[in-house]
Structure formats: C-alpha cells, structure tokens
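# A structural walkthrough
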Amino acid sequence: MRLASKKVIVTGGASGIGRSICNIFASEGASIVIADIDESGSHETSAQIESAGGKSLAVTTDVSSDESVSDMIKKASDFLGGIDILVNDAAAFIFGKVEDVTQKDWETVFGVNVIGASSTVKHSLPYLKQSTSPNIVNIASVSGFIAQPSFVPYNASKGALLQLTRCLAMDLSEFNIRVNAVCPGAIYTPATERHIAFEKADRDEFLEKAGQTSFLKRVGTPEEVAYAALFLASDEASFITGSHLVVDGGATV
Ligand SMILES: NC(=O)c1ccc[n+]([C@@H]2O[C@H](COP(=O)([O-])OP(=O)(O)OC[C@H]3O[C@@H](n4cnc5c(N)ncnc54)[C@H](O)[C@@H]3O)[C@@H](O)[C@H]2O)c1
C-alpha cells in the first residue's frame, strides 16, 4: 500500500502504459481519476480498477483543450476530495520527417504532449498546494534526448516535456511539489501497433529489431514503466525532484 489514500489523476489512462499506471496505483491504495479522450477505454480501465476493489472515475477529457482540462479537474477534485498526484501520460504520436508533417501536426503533438501537460498542472495547482505530499510524474520518453528516424515532432515534444519537468520542479518547489519524469524506451502497447502500421512493417521483425537495441534484448512492458512511476509518485522518492528515470533495458546507455 505504497499510495494508501492518495488522490491521483492519470491522463492517458485508457490504454497502454497509462492503464497500467492506473491499475498498479489503485492496487497500492490510491483512488484514481482516468482522464482520457477515449471514453470507452477510460470506462474499461475504471471497470478493471473497481472489479479489483479499487475506487475510480472516468472523465472524458481532451488534454489539449484548456476548457476540457478545467472541467475535468473540477470533477476529479470533487470525486477524490483533493488531488495529491498528477500523472501526465496522454500523448499524440505523430511520426514523420520534417517535410512530411503539417503545421496542424505540430500543433496537435505539442498541444497534447507539452501544452496539455502544462494545462493539467496549472488547473491542479490549487489542490496540489493543499496536499501533504504532492507530486507530478510526466511520462516523457528516451525520444526526448536521442534522435530517431522519422520521429521529428514527437521527439521534439518529448524533449520539451523533459524541460517542462525541470522548470516546474524549480518553480513549484516553494510549495513542496515534486516534479519528475519517466523515460520509457521501446514498450509494447497499442501505440506500438500503430507505429508498426505506419512503417508497414512485419510485426515480429519490428518487435525483434526494437528489442535488440536494449541490453536485455526485448521490448518492455507497460507494468515495468508503471512501477518506475509508482516509485517516483510514492513517498519513497521524497528527495527526488526535477529528475528523470530511464526505463529502456539499457538501450540508450
Ligand atoms: N509505447 C512506447 O514504446 C513508449 C515509449 C516511450 C514513451 N511512451 C510514452 O508513454 C505514454 C503512453 O504511451 P502508450 O504507448 O501507452 O500509448 P497509448 O496510445 O496506448 O496511450 C496513449 C493514451 O493517450 C490518450 N490520448 C491521446 N490524445 C489525448 C488527448 N488529447 N487527451 C487525452 N488523452 C489523450 C489516448 O486515448 C491513449 O489512451 C505516452 O506519453 C508515450 O509518449 C511510450
């Protein structure tokens, strides 16, 4: 029960890594609000939590809309009775080289991955300031500090999210709010399937190649990322802020 009685919001909790964070945080005693644009996926995650005996609420949210985020935070704080922990996991995946992507693509990816994260923080702040152990975990990526082929807008956004993490850690320290990031490497999720489709790749070959880049010769699981987020969100990480934890099987060492 490493998060006993904690009040948590997870954006992007309808799928993949976000869903795993919701389930693992709930199993550690947290109450969870799932804030995701995918209504049915959010309800599915909520049902998983409830059937395991946890407490959760799904709030359909577009994190790139300030109004939608403001509305979600009101519903979340009413349901939870405050906010202790915010996990920014929602992401738009837009692949391509610079000549492939449109202005709208750039606005979408930064709107969700960077401005969306900033917006959830801004609207959560009045509640986080009242918490006794408040913190924020941003799900960034190793894509935030390495180059990868045909990943221009996504990688640029994850680099910005890492900088947002550091700047928030500095500015929010006066309220004792810790802000950290997790940087996953290749993790098998529904987003991986979309990437395979984008590349028109053979699934097994794609996963084999992705796994070979790590020391451990495999891709990671959402649970392996969720446990890193759990550590940073828990009181065990009470002297860690402005930091990022890489979960990539050694791929970027
Ligand atoms: N899968 C990987 O290999 C990998 C690697 C590094 C980092 N990450 C990061 O992990 C996080 C989760 O990725 P995943 O692989 O689980 O992907 P995923 O597609 O399974 O989950 C992403 C979730 O974000 C939600 N979302 C998208 N746009 C949204 C919006 N505007 N408002 C609210 N929710 C929105 C989606 O509906 C989805 O539920 C992302 O931040 C991603 O960048 C993933």
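Residues numbered from 1 in each chain as written. Predicted model: local features only at pLDDT ≥ 70, side-chain atom pairs only at ≥ 80, totals over all residues. Heavy atoms only, no water.

### Here we look at the site of the ligand
Keep this limit in mind: Near is defined per residue: the residue qualifies when any heavy atom it owns lies within 4 Å of the molecule or strand. Distance and chemistry together define a polar contact, namely a pair of N or O atoms within 3.5 Å, with one atom able to donate a hydrogen and the other to accept it when in protein, and with adjacent residues in sequence counting only for side-chain atoms on both sides. For the area figures, the Shrake-Rupley method with a 1.4 Å probe applies, and any residue is considered shielded solely by the protein chains shown. Helix numbers and strand numbers start at the N terminus; a helix is a DSSP run of H or I with at least 4 residues, a strand a run of E with at least 2.
Ser 15, Asp 36, Tyr 154, Thr 189 and Arg 194 are the nearest of the 29 residues found near the ligand. Within the backbone of Asp 89, a nitrogen or oxygen atom sits 2.8 Å from an oxygen atom of the ligand. One of the backbone N or O atoms of Ile 187 is found 2.9 Å from an oxygen atom in the ligand. When the ligand sits alone it has 830 Å² of accessible area, and the protein chains cover 91% of it. Contributing elements (two or more residues each) for the shell around the ligand: helix H1 (16-27), helix H5 (152-171) and helix H6 (190-199).

### Looking at a nonpolar patch on the surface
As a reminder of what qualifies: Patches here are clusters of residues that have more than 30% relative accessible area and form no salt bridge, with a 9 Å joining cutoff for like charges and a 5 Å cutoff for nonpolar side chains (Val, Leu, Ile, Met, Phe, Trp, Tyr). Salt bridges are defined as contacts in which a side-chain nitrogen from Lys or Arg sits within 4 Å of a carboxyl oxygen from Asp or Glu.
Where nonpolar side chains cluster on the molecular surface, the patch consists of Phe 145, Ile 146 and Val 246 and spans about 210 Å² of accessible area. Mapped onto the elements of the fold, Phe 145 is located in the loop between strand E5 (135-139) and H5.

### Looking at the pairing of strand E1 (residues 7-11)
As a reminder of what qualifies: Here the term buried applies to any residue with accessible area under 20% of the maximum for its type, exposed to any over 50%, and partly exposed to those in between, with areas from a 1.4 Å probe on protein chains only. DSSP bridges decide pairing: two strands pair if at least two such bridges lie between them. For crossovers, right-handed means that the path from the first strand over the helix to the second runs clockwise, given strands pointing away from the viewer.
Of all five residues that make up E1, four are buried, and the element is covered over most of its length. Pairing geometry for E1 and strand E2 (residues 31-36), over five bridges, is parallel. Opposite Lys 7, over in E2, you have Ser 31 as the bridge partner. Between the parallel pair E1 and E2, the chain is carried across by H1, and the sense of this crossover is right-handed.

### Some words on H1
To be explicit about the condition: What a helix is expected to span follows from its residue count: subtract one and scale by 1.5 Å.
Along its twelve residues, H1 runs 17 Å from first to last C-alpha, staying within 8% of the 16 Å computed at 1.5 Å per residue. Among the residues of H1, Gly 16, Ile 17, Gly 18, Arg 19, Ser 20, Ile 21, Cys 22, Ile 24, Phe 25 and Ala 26 are the ones counted as buried.

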